[in-house]
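Letter by letter, the chains look like this.
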Amino acid sequence: MTEKRIPHTDLDRLLDRLRGLGAVHAPTRDESGDVILAEVSPGKPVVLDYKNFPLSPKVFLLPQTQTLLRFTNGKPHEPAPVAGNGGPSQGDGRPPNRQAFLFGVRPCDARALLALDEVFLGGDQRDPYYERLRAKTVVIVLACTRPMSSCFCTSVGGGPSDEAGADVLAIGLEADLLLRAITPKGEDLLSSAADLLGDATPPAIEEAQERARKAADQIAPVELDRSAERLRNAYDSPLWGILSQKCLGCGTCSFLCPTCHCFDITDEVRGDVVRRVRTWDCCAYPLFTLHASGHNPRPTPKERWRQRLMHKFRYAVENLGRLFCVGCGRCIRNCPVSLDLRAVFRELGA
Amino acid sequence: MARNPYLPYPARIEEVVIENEARDIKSFRLVLDNAQDAAEFRHLPGQFAELSLPGFGEAPFGIASSPTETGYLLFTVKRMGLFTTELHSLEAGAGLGVRGPMGKPFPWDRMVGKNLLIIGGGFAFTTLRAAINYTLEPQNRTRFGSVFVVYGARTPGELMYRDELAKWQTRDDIDVHLTVDKADATWTQHEGVVTSVLDSLKPSSENALAVVCGPPIMIKFTLFSLAKLGFPDDAIILSLEMRMKCGIGKCGRCNIGSKFVCKDGPVFTREELRSLPAEY
């Protein structure tokens, strides 16, 4: 495990170096002033004191709309490999030909990539579209220093300087960024920029630990221990009906969720061009499970809301040994009717 | 590199058969365009596949042919929505795509040496047709005990595969009981729901497995009858319907409890279903 440091003032040089290897996506302000993860060209200011991006980086691996197949004269074709620049967020389904560096992903969102990996790279069949984008993606995580009131990563196995899902973990210090290689991809990255990096000194490592501890202390714990077991006994609880009463079924929670991955496949016809397209879908939508016969196994928001939480906190644990929640809090911050999944576990009791 | 699991095999409709009086159920005999694809497509009765029509999408259907019927795949489809309406408009010679086979078949390893009670209702009889033809194949027939079939439909005109049903009824190595909810003047066989046939004929549960496919209401009452006949939950084999898209356990749509109907099912024993939420 290599540990290095780079002065904040040299960050642009590091990003320039990475630009020579692929597309660099880093925190930057969009036209409305939000800090988003987007490709930054040389000279564009990179922002490091953001909390988290409005959209999770799952969009880079599972684009909201992605072409799976094209049909000409009824014959299906896989999208041809991309010829020029291929950022990983491309929705046209073309295999990318160069690396993408995601710089500044928060630890919760990086942990979520491991959950997506279980779905799309695990099981009997791998998903080739996800696999191609994943293989070309290098994740540089930036540890959190200022968690939000909706954050609860420390209750789902993570933390503000968690390494899960990171290729490199970066921790912001007073004068430097501490860079820790976590995976072989991360080691490659650090060695490709070796001439820009200094050694991590013991005081720097100590400062990083201290900052991580302080950040973790700010996060309010949620009682999520044994969630799968507790939910196993709660399927028929009246709680689902009560808490879901105000749910609009808008799907904001799952579109913004870094681990929600359910998708639809539909055909789009424009003139002679037929595309088979994968789009994000959501179990909160009534059409999600509607049969052609008219029968719907989950007819009301109660069943649908229960399904969403059961999947994340029980079924995923039973199937994959992993919670499908990373405590990023987006569903809490962005729900138009202020539903808060933490209430379920509070109300359920031990 | 493994084959892209979203890429359908190109195929052609070789024959279309109207199966019922209402003319809203048709069987499509498909032949895969490429011999290599056909060799790769190896299924067992109980499995399903996604049919693909460019511009209309995909939909999952049980495979109605037995693998012992070589050279083609049979799908029997009721006209319901956009996809099936388009499929019903196609004639012999039309092209389409097939993705599969998908899901777990009936538990054939467990079925060897057993007496088989096969119970079907309405247009869900498709994979049961595959199962019956599979067991009747000469090299297979001796591997199973008795084969006792109860198949019900609303009216005589709604029974599918009528030529085959008649042929099976002339054989002495299979017992086929047909019943209709509402008989007409020409009908000479059972009248009443499937469970009334079971309750009066009382097929033995001794060394037997029951395979049941049908509409939810039929399943519900058949389970009562089977319990009365002494079938334990792990001797009752059911096939679930759930809306599906990817068919390979990724898209999340057919998730029930910790199972995905597309890859862990669609075939489950009643015992397995008892451990799942009743969301189907």
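Computed from a prediction, not measured in an experiment: that's the story for all the values here.

A count of helical and extended segments in chain A gives twelve helices and twelve strands. Summarising the internal contacts of chain A: among those between residues at least 6 apart in sequence, 70% fall at separations of at least 24.

A few words now on the overall build of chain B. From N to C terminus, chain B includes ten helices and 15 strands. In summary, chain B has a C-alpha radius of gyration of 18 Å against a globular reference of 19 Å for 280 residues, a match within 12%. By its C-alpha atoms, chain B is 50 × 45 × 35 Å across when sized along the principal axes. For chain B, the proportion of contacts with a sequence separation of at least 24, taken over those separated by at least 6, is 70%.

Residue and element names in this part refer to chain B. Structurally, Met160 is set in the loop between strand E8 (147-153) and helix H6 (162-169). For Met160, a count of 24 C-beta atoms within 10 Å translates into the label buried. Sequence spacing of Met160 and Thr76 is 84 residues, and the spatial spacing of their C-alpha atoms is 9.0 Å. Leaving out residues up to four positions away in the same chain, Met160 has contacts with Glu19, Asn20, Ile25, Thr76, Phe123 and Phe125.

Time to look at the sheet that holds strand E10 (residues 198-199) of chain A. In a beta sheet, neighbouring strands pair by backbone hydrogen bonds and run either parallel or antiparallel. All names here are of chain A. If you trace the eight strands from one edge of the open sheet to the other, you get E3-E2-E6-E7-E8-E9-E1-E10, paired in mixed fashion. At either margin of the open sheet sits one strand with a lone partner, and together these are strand E3 (35-39) and E10. For strand E2 (residues 22-29) and E3, the ladder comprises five bridges, and the chain directions are antiparallel. Bridge pairing links Arg29 to Val35 in E3. Across the face of the sheet, helix H3 (residues 107-121) comes into contact with strand E6 (99-105) and strand E7 (137-142) while running at roughly 145° to E7.

Right, let's get into the pairing of strand E8 (residues 168-172) of chain A. The side chains of a regular strand alternate, first on one face of the sheet and then on the other. Residues and elements named next belong to chain A. Burial analysis of E8 places four of its five residues in the buried class, which makes it a mostly covered element. Sheet topology note: the E7/E8 ladder contains three bridges and is parallel. Within E8, the residue paired with Ile140 across the bridge is Val168. Here E8 pairs with strand E9 (residues 176-181) via five bridges, running antiparallel. Pairing of Val168 across the sheet is with Ala181, part of E9. Counted between consecutive antiparallel strands, the loop separating E8 from E9 contains three residues.

On to the pairing of strand E3 (residues 48-53) of chain B. All names here are of chain B. In terms of burial, E3 is a largely internal element, six of the six residues being buried. Judged by which residues are buried, E3 turns out to be covered on both faces: Phe48, Glu50 and Ser52 on one side and Ala49, Leu51 and Leu53 on the other are all buried. Following E3, the chain reverses through three residues before pairing antiparallel with strand E4 (residues 57-62); Gly55 in that reversal takes a positive phi of roughly 95°. By the bridge criterion, four bridges tie E3 to strand E6 (residues 95-102) in an arrangement that is antiparallel. Each bridged residue has a counterpart across the sheet, and for Ser52 the counterpart in E6 is Gly97.

A separate point is the nonpolar core. In this structure, A:Val141, A:Val168, A:Ala170 and B:Ala210 are the most contacted members of the largest nonpolar core, which totals 180 residues. Per element, the largest residue contribution to this core is eight residues, and it comes from H3(A). With residues near it in sequence (within four places) discarded, A:Val168 still touches A:Ile140, A:Val141, A:Leu179, A:Arg180, A:Ala181, A:Ile182, A:Gly186, A:Leu189 and A:Leu190.

This part is about the domain arrangement of chain B. For chain B, the assigned domains read domain 1 (9-101) and domain 2 (108-239). Residue composition of the side of domain 1 of chain B that touches domain 2 of chain B, by class: six nonpolar, seven polar and four charged.

Residue and element names in this part refer to chain A. Its axis deflected by about 50° at His311, helix H10 (residues 301-320) carries its strongest bend there. Counting buried positions along H10 gives 15 out of 20 residues, so the element sits mostly inside the fold. Following H10 by one or two positions, Gly321 adopts a phi angle in the positive range, close to 65°.

Of the residues lining the interface, 33 residues belong to chain B; the matching set on chain A comes to 39 residues. By residue class, the composition of the side of chain B that touches chain A is 14 nonpolar, eleven polar and eight charged.

All names here are of chain A. Taken as a whole, chain A is organised into domain 1 (3-217) and domain 2 (227-348). On a C-alpha basis, the centres of domain 1 and domain 2 stand 26 Å from each other. Residue-level contacts link 30 residues of domain 1 with 25 residues of domain 2. Of all the secondary structure elements, the ones that give two or more residues to the side of domain 1 that touches domain 2 are strand E4 (65-72) and H3. Among the residues forming the side of domain 1 that touches domain 2, the class breakdown is 15 nonpolar, ten polar and five charged.

Here we take up the sheet that holds strand E1 (residues 9-18) of chain B. Residue and element names in this part refer to chain B. Here six strands make up an open sheet; going across it, the order is E4-E3-E6-E1-E2-E5 and the pairing antiparallel. Unpaired on one side and paired on the other, E4 and strand E5 (73-78) mark the two borders of the sheet. Shown here is a sheet whose adjacent strand axes are inclined to one another by a mean of 40°, direction ignored. Summarising the sheet, E1 and strand E2 (residues 25-32) pair through seven bridges and their orientation is antiparallel. From the neighbouring strand, Val17 faces E2, where its bridge partner is Ser27.

What follows concerns the environment of A:Arg333. All names here are of chain A. Mapped onto the secondary structure, Arg333 falls in helix H11 (residues 330-334). What makes Arg333 partly exposed here is the crowd of 17 C-beta atoms within 10 Å. Between the alpha carbons of Arg333 and Ser150 there is a distance of 6.6 Å; along the sequence they are 183 residues apart.

Reading the values: rules and limits
Residues numbered from 1 in each chain as written. Chains lettered and ligands numbered in written order. Predicted model: local features only at pLDDT ≥ 70, side-chain atom pairs only at ≥ 80, totals over all residues. Helix = DSSP H or I, 4+ residues; strand = E, 2+ residues; numbered from the N terminus. Contact = placed C-beta atoms within 7 Å. Rg over C-alpha atoms; globule rule 2.2 N^0.38 Å. Buried ≥ 20, exposed ≤ 12 C-beta atoms within 10 Å, placed from the backbone. Pairing = 2+ DSSP bridges. Axes fitted to C-alpha atoms, helices over the stretch in contact; angles between N-to-C directions. Core = buried A, V, L, I, M, F, W, Y, C linked by C-beta atoms within 7 Å. Domains from an automatic or database assignment. Nonpolar A, V, L, I, M, F, W, Y, C, P; charged D, E, K, R; others polar. Bend = angle between axes of the 7 residues up to and from the residue.

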